[in-house]
Amino acid sequence: DAGITQSPRHKVTETGTPVTLRCHQTENHRYMYWYRQDPGHGLRLIHYSYGVKDTDKGEVSDGYSVSRSKTEDFLLTLESATSSQTSVYFCAISEAHREFMSGYTFGSGTRLTVV
Amino acid sequence: AQTVTQSQPEMSVQEAETVTLSCTYDTSESDYYLFWYKQPPSRQMILVIRQEAYKQQNATENRFSVNFQKAAKSFSLKISDSQLGDAAMYFCAYRSKGTDKLIFGTGTRLQVFP
């Protein structure tokens, strides 16, 4: 029933190479988010999107960019991967009416290792 | 800015017993939402329970319940009759009514022993 899928599930890349992670949703939710999860830090917001071509930075956005050309797809790009970007990356979607109490629906995550 | 603190990096409980996970938060807002998420070894993030700040009544979902103390800015999760499948990382999260962004705590790893 995966209304949200992330690809790839695992990736190993070399320092200095560009990497793109993909998030695809079939729920037609307006709001999408990218988080990274690191031990001792929980989940931290990288970038988010409130609609097509409407994106903004989160608390740990340095070294990352995003694009959203279609409602269903939200891409996260590491322009030049560094070892500090080794992490598990989660995409999430939200029904997101501001007055509606909802949590997020999360993808299954991408484990990225930068060597 | 709002912050969420989980002061227990690890907890353990014996099967069938009860365990309480702590969460405190800092905010100047009066209306917001609080959540507990479970992350088993599969890595999937699963919503366990949620609470609306303006509701006095503590939320309950089967064996999971919360103790919401608004004045103390505390939001603890109680798991009753613990099961082996409850073993996971648990994250507390805050969501302002003014924004859609979730702010997470650092997590508590729960071990369940038979």
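About the thresholds
- Residues numbered from 1 in each chain as written.
- Chains lettered and ligands numbered in written order.
- Predicted model: local features only at pLDDT ≥ 70, side-chain atom pairs only at ≥ 80, totals over all residues.
- Heavy atoms only, no water.
- Contact = heavy atoms within 4.5 Å.
- Buried area = accessible area lost by both parts, 1.4 Å probe.
- Salt bridge = Lys/Arg side-chain N within 4 Å of Asp/Glu carboxyl O.
- Helix = DSSP H or I, 4+ residues; strand = E, 2+ residues; numbered from the N terminus.
- Buried < 20%, exposed > 50% of the residue type's maximum accessible area, 1.4 Å probe, protein only.
- Polar contact = N/O pair within 3.5 Å; in protein donor to acceptor, adjacent residues only side chain to side chain.
- Core = buried A, V, L, I, M, F, W, Y, C linked by side-chain atoms within 4.5 Å.

With respect to the interface of chain A and chain B
Link 1 in the chain: Listed by partner, the interface residues are 30 residues for chain A and 22 residues for chain B.
Link 2 in the chain: The junction of chain A with chain B conceals about 2,100 Å² of combined surface from both sides, 49% of it contributed by carbon and sulfur atoms.
Link 3 in the chain: Run the count over chain A and chain B and you get zero salt bridges.
Link 4 in the chain: Of all elements in the fold, only strand E4 (31–38), strand E5 (42–51), strand E9 (87–94) and strand E11 (110–114) of chain A reach the threshold of two or more residues within the side of chain A that touches chain B.
Link 5 in the chain: No other element matches the five residues that E5(A) contributes to the side of chain A that touches chain B.

Structural notes on the environment of A:Ser87
All names here are of chain A.
Link 1 in the chain: Along the chain, Ser87 turns up in strand E9.
Link 2 in the chain: The class of Ser87 is buried, set by a relative accessible area of 5%.
Link 3 in the chain: With near-sequence residues (within four places) excluded, Ser87 lies in contact with Arg36, Gln37, Asp38, Thr110, Arg111 and Leu112.
Link 4 in the chain: Polar contacts involving the side chain of Ser87 include one to the side chain of Asp38, which spans 2.8 Å.

Here we look at the nonpolar core
Link 1 in the chain: Within the largest apolar cluster, 25 residues are counted, with the highest numbers of intra-cluster contacts made by B:Tyr25, B:Trp36, B:Phe75, B:Leu77, B:Tyr90 and B:Leu110.
Link 2 in the chain: Elements represented by at least two residues in this core include exactly strand E3 (19–21), strand E5 (32–39), strand E6 (46–52), strand E8 (64–69), strand E9 (74–79), strand E10 (88–96) and strand E12 (108–113) of chain B.
Link 3 in the chain: Broken down by element, the residue count for this core peaks at four residues, all from E10(B).
Link 4 in the chain: In this view, B:Leu110 contacts B:Met11, B:Ser12, B:Val13, B:Val19, B:Leu21, B:Ile79, B:Asp86, B:Ala87, B:Ala88 and B:Tyr90; residues no more than four positions away in its chain are not counted.
Link 5 in the chain: Listed in part, the 21 residues of the second largest apolar core include A:Leu43, B:Phe35, B:Phe91 and B:Ala93.

Structural notes on unusual backbone geometry
Link 1 in the chain: Note the cis peptide between A:Ser7 and A:Pro8, where omega equals -10 degrees.
Link 2 in the chain: Tracing the chain through its elements places A:Pro8 in the loop between strand E1 (4–7) and strand E2 (10–13).
Link 3 in the chain: Despite not being glycine, B:Arg43 has its phi angle at roughly 85 degrees, a positive value.
Link 4 in the chain: Relative to the helices and strands, B:Arg43 resides in the loop between E5 and E6.
Link 5 in the chain: A residue is classified by how much of its surface remains accessible, and B:Arg43, at 8% relative accessible area, is buried.

Considerations on the side chain of B:Ser65
Residues and elements named next belong to chain B.
Link 1 in the chain: Within the element layout of this structure, Ser65 appears in strand E8.
Link 2 in the chain: You can call Ser65 buried: its relative accessible area is 16%.
Link 3 in the chain: When residues no more than four places from it in sequence are discounted, the contact partners of Ser65 are Ile49, Ala59, Thr60, Ser76, Leu77 and Lys78.

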